[in-house]
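Tertiary structure, described
Spelled out from the first residue to the last, the chains are:
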Amino acid sequence: MSSETSSHKPRVAVVFGGRSSEHAISVVTAGAVLAAIDRDKYDVLPIGITTDGRWALTADDPARMAITDRRLPSVAELAEGGDGAVVLSADPTTREVVYSEPGAVPKALGEVDVVFPVLHGPYGEDGTLQGLLELSGVPYVGSGVLASAVGQDKDYMKRVFTSFGLPVGPYEVVRPREWDTDPAAARKKIVDFAAEHGWPLFVKPARAGSSMGISKVDDLAGLDAAIEEARRHDPKIIVESLLRGREIECGVLEFEDGPRASVPAEIPPVTAHDFYDFEAKYIDSAAGIVPAPLTDEQTAEVRALAVAAFDAASCEGLVRADFFLQDNGEFVINEINTLPGFTPISMYPRMWQESGVSYPELVDRLLEAALRRSTGLR
């Protein structure tokens, strides 16, 4: 398809899949986004990234991107054209996308005006893809390189929040070098943290999402398995104490006059799961309560904290901010997600739906915000 046949509509490349453990959820998210984009307003080019990192042209078929009978979709099932690969030029004077196959002449697919990245986790949500798009001079939905990297790394995210005076809970970080040089001392670091803050603990990959690799550890006996599971996703891990209270989430969206917060939501206790894990989120469809049953004062406070977190990390476009409302009545921010899920049951679009912004309007606002911004320093 050439740029001349695009009827001068902005051309959106929806990039999804990727190399992280959240590959399947990214595919599901892409299906929902593709179904929602206004085709009278935008031309669309779906680009999937396989688990080994190949960029592929894919079918524009949202129905095939859903979770069906507990089976997760993949880019490999959607890829078209055999072993061909999509290449985005790093030359900012052109936004040309090229498709190449072994032994064939590369084929120009036309220019891209904006990228909607719906990749979750490393190699997509962490600033790496954003850096590529900056080099290519292509505007994109969501935060830039720094905010994306901060939003992906729970260690540095909490450090940023603390420096801005935002409330965070107790945590400890164990870095890869600590395991490599003295694993016994690294393990003792966690045990000492538990002695100070009590069991249970949550052991997490520092740079993963969708509750991948997270374990709730009730005592010393389960610690080694939890560490191994977290390190399977990320050699850097973070350990957090249990915060007793309610899980509250809030969406932030960039409007023309700046970021605004949605009505908050509450994630109720999930009786079939030990915590709000991957299965509860995506397979068994645990339902959040929207809006959260909070007082007017609590609602105003958590919305203000969500926008403050958005600004502290220099975010753009969108963020989902996750909090605990502790039993003492104080909010603690757990984390932000700079590319939250857009699956049909995801909390971010549900919160904005309740706030008066429909799913298609939400997608449109994000694209318009991206098209208003330039790449580079801003």
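Since the structure is predicted, the reported quantities are computational estimates derived from the model, not experimental observations.

Some details on the sheet that holds strand 3 (residues 55-57)
- In space, the four strands of this open sheet follow the order 3-2-1-7, with mixed pairing throughout. The open sheet has two edge strands, strand 3 and strand 7 (114-117), and neither has a second partner. Taking the axes of each pair of neighbouring strands and ignoring which way they run, one obtains an average angle of 30 degrees across the sheet.
- When strand 2 (residues 43-49) meets strand 3, the two strands line up antiparallel, connected through three bridges.

Brief notes about the pattern of salt bridges
- Evaluation of the coordinates by the stated rule reveals 29 salt bridges.
- The closest approach of N and O atoms between Arg246 and Glu266, which form a salt bridge, is 2.8 Å. Residue Arg246 is found in strand 12 (residues 245-255), and its partner Glu266 is found in strand 14 (residues 265-267); the two are separated by 20 residues along the sequence.
- As a salt-bridge pair, Arg373 and Glu316 come within 3.5 Å of each other at their nearest N and O atoms. Of this pair, Arg373 sits in the segment after helix 12 (359-372) while Glu316 sits in the loop between helix 10 (296-312) and strand 15 (318-326), placing them 57 residues apart in sequence.

Notes on helix 11 (residues 347-354)
- Every buried residue of helix 11 is accounted for by Met347, Tyr348, Pro349, Met351 and Trp352.
- On its buried side, helix 11 packs onto strand 12, strand 13 (258-261), strand 14, strand 15 and helix 12.
- Just past helix 11, the residue Gly356 takes up positive phi, approximately 100 degrees.

Here we look at the side chain of Asn334
- Locating Asn334 in the fold gives a position in strand 16 (residues 331-337).
- The exposure class of Asn334 is buried, given its relative accessible area of 13%.
- Beyond its immediate sequence surroundings of up to four residues, Asn334 is in contact with Lys158, Lys204, Glu240, Asp322, Phe323 and Phe324.

Considerations on the sheet that holds strand 11 (residues 237-241)
- On the basis of which strands lie adjacent, the open sheet formed by four strands has the order 8-11-9-10 and antiparallel pairing. Bordering the open sheet on either side are strand 8 (171-174) and strand 10 (215-217), each of which pairs with just one other strand. Across the sheet, the axes of successive neighbouring strands diverge by a mean angle of 25 degrees, strand direction being ignored.
- Lying on the sheet, helix 7 (residues 183-197) is in contact with strand 8, strand 9 (201-205) and strand 11; it crosses strand 8 at an angle near 175 degrees.

Some points on the packing of helix 1 (residues 23-36) against helix 12
- In the contact formed by helix 1 and helix 12, the axes pass within 9 Å of each other and the chain directions differ by 90 degrees. The pairing of helix 1 with helix 12 is recorded here as roughly perpendicular in orientation. Contact residues: Thr29, Ala32, Val33 and Ala36 in helix 1; Tyr359, Pro360 and Val363 in helix 12.
- Residues that form the contact of helix 1 with helix 12 fall into these classes: six nonpolar, one polar and no charged.

Let's talk about the environment of Leu220
- Within the element layout of this structure, Leu220 appears in the loop between strand 10 and helix 8 (223-233).
- With 19 residues separating them in the primary sequence, Leu220 and Leu201 have C-alpha atoms 9.9 Å apart.
- Among residues more than four places away in sequence, those in contact with Leu220 are Arg187, Val191 and Trp199.

Description of the confidence of the model for the chain
- A residue-level look at the chain finds 93% of positions with pLDDT of 70 or above and a mean pLDDT of 90.
- Mean pLDDT per element in the chain: helix 9 (residues 278-283) is the minimum at 47, and helix 10 is the maximum at 98.
- For residues 1-6, every residue scores under 50 in pLDDT, and the model assigns this stretch nine contacts once sequence neighbours within four places are set aside.
- Counting contacts from residues 280-285, a segment whose pLDDT is below 50, to residues more than four positions away or on other chains yields 23 contacts.

Basis of the calculations
- Residues numbered from 1 in each chain as written.
- Predicted model: local features only at pLDDT ≥ 70, side-chain atom pairs only at ≥ 80, totals over all residues.
- Heavy atoms only, no water.
- Pairing = 2+ DSSP bridges.
- Helix = DSSP H or I, 4+ residues; strand = E, 2+ residues; numbered from the N terminus.
- Axes fitted to C-alpha atoms, helices over the stretch in contact; angles between N-to-C directions.
- Salt bridge = Lys/Arg side-chain N within 4 Å of Asp/Glu carboxyl O.
- Buried < 20%, exposed > 50% of the residue type's maximum accessible area, 1.4 Å probe, protein only.
- Contact = heavy atoms within 4.5 Å.
- Parallel < 35°, antiparallel > 145°, perpendicular 65-115°, else oblique.
- Nonpolar A, V, L, I, M, F, W, Y, C, P; charged D, E, K, R; others polar.
- pLDDT = per-residue confidence, 0-100.

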